[in-house]
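What the coordinates show
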2 protein chains.
Amino acid sequence: MNNTKYDALKLENQICFPLYACSREIVKRYKPFLEEIDLTYTQYITMMVMWEKKCVNVKELGESLYLDSGTLTPLLKKLEAKGFLTRKRSDQDERNLIVTITEEGEKMKEKAVDIPFKMAGCTNLTEEEGMMLYRILYKILGNDL
Amino acid sequence: MNNTKYDALKLENQICFPLYACSREIVKRYKPFLEEIDLTYTQYITMMVMWEKKCVNVKELGESLYLDSGTLTPLLKKLEAKGFLTRKRSDQDERNLIVTITEEGEKMKEKAVDIPFKMAGCTNLTEEEGMMLYRILYKILGNDL
DNA sequence: CTCTATTGAATTGTGCACAATTTAATTATA
DNA sequence: TATAATTAAATTGTGCACAATTCAATAGAG
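All of the points below concern the structure found in this document.

The rules behind these values
- Residues numbered from 1 in each chain as written.
- Chains lettered and ligands numbered in written order.
- Predicted model: local features only at pLDDT ≥ 70, side-chain atom pairs only at ≥ 80, totals over all residues.
- Heavy atoms only, no water.
- Contact = heavy atoms within 4.5 Å.
- Buried area = accessible area lost by both parts, 1.4 Å probe.
- Salt bridge = Lys/Arg side-chain N within 4 Å of Asp/Glu carboxyl O.
- Polar contact = N/O pair within 3.5 Å; in protein donor to acceptor, adjacent residues only side chain to side chain.
- Pairing = 2+ DSSP bridges.
- Helix = DSSP H or I, 4+ residues; strand = E, 2+ residues; numbered from the N terminus.
- Axes fitted to C-alpha atoms, helices over the stretch in contact; angles between N-to-C directions.
- Buried < 20%, exposed > 50% of the residue type's maximum accessible area, 1.4 Å probe, protein only.
- Expected span 1.5 Å × (residues − 1).
- Arc of directions from axis to C-beta.
- Disulfide = S-S within 2.5 Å.
- Near = heavy atom within 4 Å.
- Nonpolar A, V, L, I, M, F, W, Y, C, P; charged D, E, K, R; others polar.

1. Side note on the interface of chain B and chain A
- Between chain B and chain A, the residue contacts involve 61 residues of the former and 61 residues of the latter.
- A per-residue breakdown of the area chain B buries against chain A is headed by Leu9, Tyr20 and Ile140 of chain B, which together make up 11% of the total.
- Applying the counting criterion to the chain B and chain A interface returns 6 salt bridges.
- Connecting chain B to chain A are 20 residue pairs in polar contact (both at pLDDT 80 or more).

Written as structure tokens, this is what we have:
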């Protein structure tokens with residue numbers, strides 16, 4: 001029993017710190033696989049949205065990824081330069097930038113399709129732990145305090 | 001039942017994505033509290049180590065925080081400029097840089113001490129969920145695959 | 001004791017994140 | 001319908017992260 005009012009300031013008593021460390025750690029484990037298809041992690045999750053939706057504006061993309069235009073604008077320009085998507089203003093409302101996946105972007109999906117399975121071996125969680133983690137993380141994300 | 005081999009590439013089926021989003025989300029919730037004491041989140045967890053250890057070299061600090069010298073060197077220079085710590089090469093082994101907390105850095109602790117309690121209200125997890133999350137995250141971090 | 005290998009920080013360069021501001025387009029209102 | 005308010009992206013500036021390289025100091029092998 002050596003509790004002090006400072007215990008709450010110890011690194012080992014934080015919940016945010018392992019979250020932050022873990023996030024970076026897993027992104028690091030993705031890196032070798034993502035390098036093979038010339039994507040960074042953020043570009044990869046962006047492509048995931050594109051593979052599903054084919055066509056979105058920056059705002060929708062930002063809501064899906066919890067990212068803003070300050071992050072997305074330069075990132076989308078890079079993905080456009082790589083040929084995976086196109087960027088074009090909407091005719092109906094020129095404030096909106098429409099991002100559309102290209103043929104080449106679609107082809108990428110074939111090269112990406114085994115990454116999730118390769119990554120599955122990179123964590124030592126049981127299926128139950130994985131589901132629990134998933135549920136708790138989305139509970140936090142859903143909490144708009 | 002519309003399962004395809006592409007389901008594993010959907011954003012909603014990722015475990016890493018909510019981890020990444022959640023980590024950033026919580027750091028964002030810290031920001032208003034940390035601004036009051038003029039620290040960024042990374043500077044804050046660095047100070048946590050300093051409050052506990054008083055004196056460490058960059059390597060030890062990096063092991064505690066899962067960060068390397070590329071991140072820590074500029075960060076420590078900023079904390080030194082703010083007067084919270086000093087940086088000095090070891091006499092025994094000049095390769096080592098000894099980081100030591102200052103009187104002023106110690107005083108900061110008083111101003112930081114209620115941040116964990118303020119943050120506690122910022123997540124909607126039960127105590128059990130918090131403990132579960134903590135356990136699972138450290139299980140991943142401990143896994144040196 | 002000298003040469004080589006290793007170690008610990010610092011440096012360099014790239015890519016996010018994000019707050020804050022700006023710009024242009026659209027909508028709402030007096 | 002002018003004007004004000006709002007909206008969507010882009011821009012600007014700061015601060016990480018991190019791979020890769022460099023540099024200086026020390027340890028180890030012959």
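Structure shown, so let's carry the discussion forward.
2. Side note on the sheet that holds strand β1 (residues 55-57) of chain B
All names here are of chain B.
- One open sheet accounts for 3 strands, arranged β1-β3-β2; its pairing is antiparallel. Both edges of this open sheet fall to β1 and β2 (85-89), since each of them pairs with a single strand only. Sheet twist, expressed as the average angle between the axes of neighbouring strands with direction ignored, equals 25 degrees.
- Pairing of β2 with strand β3 (residues 97-101) involves 5 bridges; the strand directions are antiparallel. Within the sheet, the bridge partner assigned to Arg89 lies in β3 and is Leu97.
- Seen against the sheet, helix α3 (residues 58-65) touches β1 and β3 and runs at an angle of roughly 90 degrees to β1.

3. As for the side chain of Lys109 of chain A
- One can find Lys109 of chain A in helix α5 (residues 103-112).
- Not counting chain neighbours up to four residues away, the residues in contact with Lys109 of chain A comprise Trp51 of chain A together with Tyr6 and Leu9 of chain B.

4. Structural notes on unusual backbone geometry
Residue and element names in this part refer to chain B.
- With a phi close to 55 degrees, Asp38 is a non-glycine residue in the positive phi region.
- A residue is classified by how much of its surface remains accessible, and Asp38, at 44% relative accessible area, is partly exposed.
- For Tyr66, which is not a glycine, the phi torsion comes out positive at approximately 60 degrees.
- Mapped onto the fold, Tyr66 is located in the loop between α3 and α4 (69-81).

5. Topic: helix α7 (residues 127-142) of chain B
- For α7 of chain B, with 16 residues, the first-to-last C-alpha span of 22 Å sits near the 22 Å given by 1.5 Å per residue.
- Glu129, Leu133, Ile136, Leu137, Ile140 and Leu141 of chain B are the residues of α7 of chain B that are buried. The arc enclosing the buried residues of α7 of chain B, seen along the axis, measures out at 140 degrees, which places them on a common side. Exposed residues lying more than 90 degrees from the buried face of α7 of chain B are Glu127, Glu128, Met131 and Gly142 of chain B.
- Against α1 (16-36) and α7 (127-142) of chain A together with α1 (16-36) of chain B lie the buried residues of α7 of chain B.

6. Overview of the state of the cysteines
- Tallied over the entire structure, the rule returns 0 disulfides over all chains.
- Here Cys22 of chain B is not disulfide-linked; the sulfur of Cys16 of chain A is the nearest cysteine sulfur, at 8.9 Å.
- Since its relative accessible area comes to 0%, Cys22 of chain B is described here as buried.

7. Details of the protein's contact with DNA strand D
- Contacts to DNA strand D come from 30 residues, most closely from Tyr20, Arg24, Ser69, Thr73 and Arg87 of chain A.
- Protein-proximal atoms of DNA strand D, defined as those within 4 Å of the protein, fall in sugar or phosphate at a share of 81%.
- Separating a phosphate oxygen of DNA strand D from a backbone N or O atom of Lys59 of chain A is a distance of 2.8 Å.
- Residue Gln43 of chain B places a side-chain N or O atom 2.9 Å away from a phosphate oxygen belonging to DNA strand D.
- Among the elements of the structure, α1, α3 (58-65), α4 (69-81) and β2 (85-89) of chain A together with α2 (41-53) and α4 of chain B are those that each provide at least two residues to the surface near DNA strand D.
- Of the residues contributing to the surface near DNA strand D, the split by class is 6 nonpolar, 11 polar and 13 charged.

8. Digging into the protein's contact with DNA strand C
- The local shell around DNA strand C holds 29 residues, among which Tyr20, Arg24, Lys59, Ser69 and Thr73 of chain B are the closest.
- Per the 4 Å cut-off to the protein, sugar and phosphate atoms form 81% of the nearby atoms of DNA strand C.
- Thr40 of chain A is positioned with one of its side-chain polar atoms (N or O) 2.8 Å from a phosphate oxygen of DNA strand C.
- In the environment of DNA strand C, a base nitrogen lies 2.7 Å from a nitrogen or oxygen atom belonging to the side chain of Ser69 of chain B.
- The set of elements that each furnish at least two residues to the surface near DNA strand C consists of α2 (41-53) and α4 of chain A together with α1, α3, α4 and β2 of chain B.
- Split into classes, the residues belonging to the surface near DNA strand C amount to 5 nonpolar, 11 polar and 13 charged.

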